[in-house]
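# Breakdown of the fold
Spelled out, the chains give:
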Amino acid sequence: MKRIVLSGCNGKMGRMIASCVKGRDDCTVVAGIDVSGEVLDAFPVFTSPAGCQVEADVIIDFSHPSALAPLLDYAAATRTPAVIATTGLSSDQVALIRETSARVPLFFTANMSLGVNLLVELAKKAAAVLGGQFDIEIIEKHHNQKIDAPSGTALMLADAISGVLPEEPQYVYDRHAVRRKRGKNEIGLHAVRGGTIVGEHEVIFAGRDEVLTLSHSAMSKEVFATGSINAALFLCGKENGLYSMGDLV
Ligand SMILES: NC(=O)C1=CN([C@@H]2O[C@H](COP(=O)(O)OP(=O)(O)OC[C@H]3O[C@@H](n4cnc5c(N)ncnc54)[C@H](O)[C@@H]3O)[C@@H](O)[C@H]2O)C=CC1
Ligand SMILES: O=C(O)C1=N[C@H](C(=O)O)C[C@H](O)C1
């Protein structure tokens, strides 16, 4: 039975993970960390990692970028592996994850679903064939409570596609600011926010008289919760290092 510390335990994903864990016999939540400090379940809640003295096998984090640095310090100091699923991180924060993974096993991905992991591979294949000839645009749609834009997944898709293009592309987020035709070497990233949309991603390859669209829709947050729990169990007992969905599937 693996013992989990849940960072961001009182948020939408934290609540979903706590609920999914209750239906399993291979893991249990032993403590939560959340700035709100509210106790909503059978485990204690601490307002910061420093206050959490509960022994655990693994941490799962779906919280906020401001939680990252203290959480990584805590993971390294207590030698507790951690799954980091929070998005909206800066490039310095991603570098910090990479550095810290030399001291403790870390799992980091912007999307915990199997389908998006495959979408990334399919998008890379399409870009390797069509890149340079077709225009590439990414559209993501999420619920009206999401704070970061574009989504971590949209950026992950753009980064993966960039890696196979003949030339480094320019990411364009806002076509409103300038009056000019689309450049050949761009990836457009567009965010839609509304209602309770769980998470939708489309990669559009638009050529002369033909369009290829690859898309993924998450139908519930349970997809991400289950992915993160499986990632956490996978991480227990692993060597120090940085792991991602490619290692899990
Ligand atoms: N990688 C993936 O597959 C997925 C990632 N996410 C990401 O997970 C994060 C959380 O998403 P939601 O649960 O929807 O958000 P939410 O806003 O519902 O929950 C965030 C929770 O974190 C807490 N929090 C905020 N700052 C904190 C801090 N400094 N220390 C500790 N707790 C803090 C809040 O009080 C709140 O309870 C977002 O960045 C989101 O994009 C969400 C779904 C899937
Ligand atoms: O905030 C969310 O809800 C989600 N965030 C992730 C992202 O930013 O890509 C993953 C998922 O689409 C849901």
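Residues numbered from 1 in each chain as written. Chains lettered and ligands numbered in written order. Predicted model: local features only at pLDDT ≥ 70, side-chain atom pairs only at ≥ 80, totals over all residues. Heavy atoms only, no water.

If you check an unreviewed UniProt entry, the chain appears there as 4-hydroxy-tetrahydrodipicolinate reductase from Anaerotruncus massiliensis. In its Function (unreviewed entry) section, the UniProt record describing the chain reads: "Catalyzes the conversion of 4-hydroxy-tetrahydrodipicolinate (HTPA) to tetrahydrodipicolinate." Quoted verbatim from the Subunit (unreviewed entry) heading of the UniProt record, the comment on the chain is "Homotetramer." (UniProt positions renumbered as here; feature names shortened; annotations may be inferred.)

Looking now at the site of ligand 1. Around ligand 1 sit 22 residues, and of these Lys12, Met13, Asp34, Thr87 and Met112 come closest. Contacts to ligand 1 include Thr109, whose backbone N or O atom sits 3.2 Å from a nitrogen atom. Here ligand 1 has 870 Å² of accessible area as a free molecule, and 80% of this is covered by the chains. A molecule is said to occupy a pocket when more than half its atoms come within 2 Å of that pocket's grid points, and by this definition ligand 1 occupies the largest pocket. (Near = heavy atom within 4 Å. Polar contact = N/O pair within 3.5 Å; in protein donor to acceptor, adjacent residues only side chain to side chain. Areas by Shrake-Rupley, 256 points an atom, 1.4 Å probe, with all protein chains shown as cover. 1 Å grid on protein atoms, 1.4 Å probe; cavity = no way out; pocket = protein on both sides within 12 Å on 5 of 7 lines; lining within 4 Å. Sits in = over half its atoms within 2 Å of the grid points.)

A few words on the layout of surface pockets. Roughly 970 Å³ of internal volume is contained in the largest pocket. As for the largest pocket, its lining consists of 44 residues, of which Met13, Phe62, Ser63, His64 and Thr86 are closest to the centre. Where the lining of the largest pocket is concerned, the elements lending two or more residues are helix 1 (12-22), helix 2 (68-78), helix 5 (152-162), strand 10 (199-207) and strand 11 (210-218). Looking at the lining of the largest pocket element by element, the count peaks at three residues for helix 1. Split by residue class, the lining of the largest pocket holds 16 nonpolar, 23 polar and five charged. Counting contributing residues per domain, the lining of the largest pocket is built from domain 1 (2-108 + 221-248) and domain 2 (114-218), each supplying no fewer than three. Taken as a whole, the second largest pocket holds about 700 Å³ of empty space. Around the second largest pocket, the lining comprises 23 residues; the ones closest to its centre are Phe108, Thr109, Ala110, Met156 and Asp159. (Points joined across faces, edges and corners; volume = space filled by probe spheres on them. Helix = DSSP H or I, 4+ residues; strand = E, 2+ residues; numbered from the N terminus. Nonpolar A, V, L, I, M, F, W, Y, C, P; charged D, E, K, R; others polar. Domains from an automatic or database assignment.)

Mapped onto the secondary structure, Thr226 falls in helix 6 (residues 222-235). Under the relative-accessibility criterion, Thr226 is labelled partly exposed at 29%. (Buried < 20%, exposed > 50% of the residue type's maximum accessible area, 1.4 Å probe, protein only.)

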